[in-house]
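Geometric and topological summary
Here is what each chain is made of, one letter per residue.
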Number of protein chains: 2
Amino acid sequence: MSVPYGQTALPQRVSIREVGPRDGLQNESVILTTANKLRLIDALAATGLAQIEVGAFVKAENVPQMADTTEVFASLTRQPGVKYSAIAPNVLGARRALEAGADMVQVFFSASESHNQSNVNMSVEQSLANVADMSAIVRAANRPFDAVLSVAFGCPFEGHTPIERVLELCGRLLDLGAEEVTLGDTTGMAHPSLVQQVVQAFQVRFPRQALRLHLHSARGAGLANILAALQLGVSEFDSSIGGIGGCPFAPGAPGNLCTEDMTHMLHEMGIHTGLDLPALMATARMLEQMLGHEVPSQTIKAGICKHLTG
Amino acid sequence: MSVPYGQTALPQRVSIREVGPRDGLQNESVILTTANKLRLIDALAATGLAQIEVGAFVKAENVPQMADTTEVFASLTRQPGVKYSAIAPNVLGARRALEAGADMVQVFFSASESHNQSNVNMSVEQSLANVADMSAIVRAANRPFDAVLSVAFGCPFEGHTPIERVLELCGRLLDLGAEEVTLGDTTGMAHPSLVQQVVQAFQVRFPRQALRLHLHSARGAGLANILAALQLGVSEFDSSIGGIGGCPFAPGAPGNLCTEDMTHMLHEMGIHTGLDLPALMATARMLEQMLGHEVPSQTIKAGICKHLTG
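Below you will find a few notes about this structure. (Residues numbered from 1 in each chain as written. Chains lettered and ligands numbered in written order. Predicted model: local features only at pLDDT ≥ 70, side-chain atom pairs only at ≥ 80, totals over all residues.)

Turning our attention to the overall build of chain A. When helices and strands are counted, chain A shows 13 helices and 10 strands. Since a compact globule built from 310 residues should have a radius of gyration of about 19 Å, the 18 Å found for chain A is in line with a globular shape. Sorting the 310 residues of chain A into buried and exposed places 54% on the buried side. Contacts in chain A between residues at least 24 apart in sequence constitute 71% of all its contacts with a sequence separation of at least 6. (Helix = DSSP H or I, 4+ residues; strand = E, 2+ residues; numbered from the N terminus. Rg over C-alpha atoms; globule rule 2.2 N^0.38 Å. Buried ≥ 20, exposed ≤ 12 C-beta atoms within 10 Å, placed from the backbone. Contact = placed C-beta atoms within 7 Å.)

Residues and elements named next belong to chain B. Both strand β1 (residues 2–5) and strand β2 (residues 8–11) contribute to a ladder of four bridges, which runs antiparallel. For Y5, the partnering residue across the bridge sits in β2 and is T8. Remark: two residues form the turn of the hairpin made by β1 and β2, two consecutive strands paired antiparallel; G6 in that turn has positive phi of roughly 60 degrees. (Pairing = 2+ DSSP bridges.)

Residues and elements named next belong to chain B. In the contact formed by helix α2 (residues 34–45) and helix α11 (residues 277–291), the axes pass within 10 Å of each other and the chain directions differ by 170 degrees. Taken together, the axes of α2 and α11 lie roughly antiparallel to each other. For the pair formed by α2 and α11, the contact residues are N36, L40, A43 and L44 on the first element and T283, M286, L287 and M290 on the second. For the contact of α2 with α11, the residue count by class is six nonpolar, two polar and no charged. (Axes fitted to C-alpha atoms, helices over the stretch in contact; angles between N-to-C directions. Parallel < 35°, antiparallel > 145°, perpendicular 65-115°, else oblique. Nonpolar A, V, L, I, M, F, W, Y, C, P; charged D, E, K, R; others polar.)

Attention now goes to the interface of chain B and chain A. Buried accessible area, meaning the area lost when the parts come together, often serves as the stated size of an interface. With 43 residues of chain B at the contact, the number on the chain A side is 43 residues. Every element with two or more residues in the side of chain B that touches chain A is listed here: α8 (192–205), α9 (222–230), α10 (259–268), α12 (299–302) and α13 (306–309) of chain B. If one sorts the elements of the side of chain B that touches chain A by residue count, α9(B) sits on top with six residues. Looking at the side of chain B that touches chain A residue by residue, the classes come out as 20 nonpolar, 18 polar and five charged.

Both copies of the chain are related by a screw-like operation: a rotation about an axis and a shift along it. Between chain B and chain A, the superposition needs a rotation of 180 degrees and an axial shift of 0.0 Å, giving an RMSD of 0.0 Å. In the structure described here, the two chain copies are related by an operation that fits a two-fold rotation axis. In terms of proximity to the rotation axis, the leading residue of chain B is B:A224, whose C-alpha is 1.8 Å off the axis. (Least-squares fit on C-alpha atoms with pLDDT ≥ 70 in both.)

Okay, the sheet that holds strand β8 (residues 180–184) of chain B next. Residues and elements named next belong to chain B. On the basis of which strands lie adjacent, the closed barrel formed by eight strands has the order β3-β4-β5-β6-β7-β8-β9-β10 and parallel pairing. Pairs of neighbouring strands in the sheet enclose a mean axial angle of 25 degrees, with direction left out of account. Of the strand pairs in this sheet, strand β6 (residues 104–110) and strand β7 (residues 145–150) are connected by six bridges, and their pairing is parallel. Pairing of F109 across the sheet is with L149, part of β7.

Before going further, it helps to examine helix α2 (residues 34–45) of chain A. Taking 1.5 Å per residue as the helical rise, α2(A) with its 12 residues ought to reach 16 Å, and the 16 Å between its terminal C-alpha atoms agrees with that figure. At its buried positions, α2(A) is contacted by β3 (15–18), α1 (20–24), β4 (51–56), α3 (69–75) and α11 (277–291) of chain A. (Expected span 1.5 Å × (residues − 1).)

Turning our eyes to something else, we now look at the packing of helix α9 (residues 222–230) of chain A against α9(B). In the contact formed by α9(A) and α9(B), the axes pass within 6 Å of each other and the chain directions differ by 45 degrees. Compared by their axis directions, α9(A) and α9(B) come out oblique. Along this stretch, α9(A) crosses α9(B), giving a crossing that reads as right-handed. Contacts from A:L223, A:A224, A:I226, A:L227 and A:A228 of α9(A) reach α9(B) at B:L223, B:A224, B:I226, B:L227 and B:A228. Class assignment for the residues of the contact of α9(A) with α9(B) results in 10 nonpolar, no polar and no charged. (Left-handed = near helix turned anticlockwise from the far one by under 90°.)

Glancing now at the sheet that holds strand β6 (residues 104–110) of chain A. Residues and elements named next belong to chain A. If you walk around this closed barrel you meet the eight strands as β3-β4-β5-β6-β7-β8-β9-β10, and the pairing is parallel. Pairwise comparison of adjacent strand axes, ignoring direction, gives a mean angle of 25 degrees for this sheet. Of the strand pairs in this sheet, strand β7 (residues 145–150) and strand β8 (residues 180–184) are connected by four bridges, and their pairing is parallel. By the bridge assignment, V148 is partnered in β8 with T182.

This is the structure in structure tokens:
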């Protein structure tokens, strides 16, 4: 099933994982109350999202924004059909995520040694051993685990990330039982040609494996990268309500792709997301009130295009 | 000559017309001094741009930001190889542009009746008669005229702009001797599929005629629209330094594509622009100082990607 794009075709349906409550809020200096987080997540769940990254089971002293993730899981108003996922950095975090009731546990590490050391203070091999232990625990609980490979399109320390390295690490993650692999453009270094190269190489190596992309928009090219991926049939993407979650390496720079901007473009192109765009925009405006500042979203400033409203 | 994009190819070289000094500044509430405009234009000319929209010969009471266009032309430090163009709305404006020394005169009107009435208080037929008179004057002076067709990808009042209507008006402009036709996405209603449809239709109807696009980024899709056009071989685009020039219909919404964001993406993809990206970024920062506020540019916040800096 596809929609036309010039003489070619794009996927008819795209599935979005909303990462705002975790990846977005984690990068905000304002810490939301648990009650406000619940209002945000419940509002997001009502927009039709298939998956929401609720929080992270990390040390509260390291990431105070995520300290209440257990309470948030305990008080969610669960919508049927929505997967509520959590990030965990290690076996302890994975156990806490399972106990809290996460539908899916996400593990993450970096494709480059220097970024992995900087981010989690481990070598990539140590991270893989860690993933193996976590996988055993999560799968024993009959829940899926999902792996995010960071800096897959470039590393702020090392520059280019070799595609062969990305493929090798994806292979090891799949061997460890990852349900899904997500390639992360952690600091916004992807561009459309690189997206095409990496995705094509992945599809050749793993022809039956779906791929999710977590793209950023550090220099305005976020939706161009989405278009490049759609042209190769990729239909699973991460994004963040309001576009919150800047790049920690570049203060003030846009980071995560904005959920409502991506949804607006996809709907204009006739691609289904299952999402209620006005409800997403209302949620982004509510988030602005909670944070006390504007969010990067362009669609809430420009409004929905007349094409879509009728 | 082309660069690879997946299994296909894109143009190897893109030519950018910088519209910041006219289309950008016209939408700013701060009016730059003539001296600052000259500093801006001279800095832009030193970045390698092939064409710069310097100003407009319109009534000063209607557009006070453009009141000094004659003085600006008189004091430019002309760089060899740079075309300094001006907008003119009528015969009087065209005469003033020629006298001031504009290398090229741009005429503009809208593809929809309601937008044209709202913008220039004429019917489209009246505008075409006006263009015919202007064309005669400009061509008699041996200078090229260039036509911008506004709301070619959708009208804020009428919604969809029929492609057949766009083609018909392009045909009439070419018959009137337009050197080049520019299709404007005046209020940011284009999306990649629509760009492909309109460009393909133009190329079928006018197979030997180059096409320039003036795209906006009202909802984040500006560079995705550029990618869609590149895939059909379009290689001439308008953009604005710093991304200045919001959409007057949506206060606060991003308007013009940002020259340095587009240049960054094109350079990453191996497409030549002839532009000095660090010099563009320095110019955008200087413009922020002149205007006294941040500009929408994402690249000046995120910095140049390590891929490009080496």
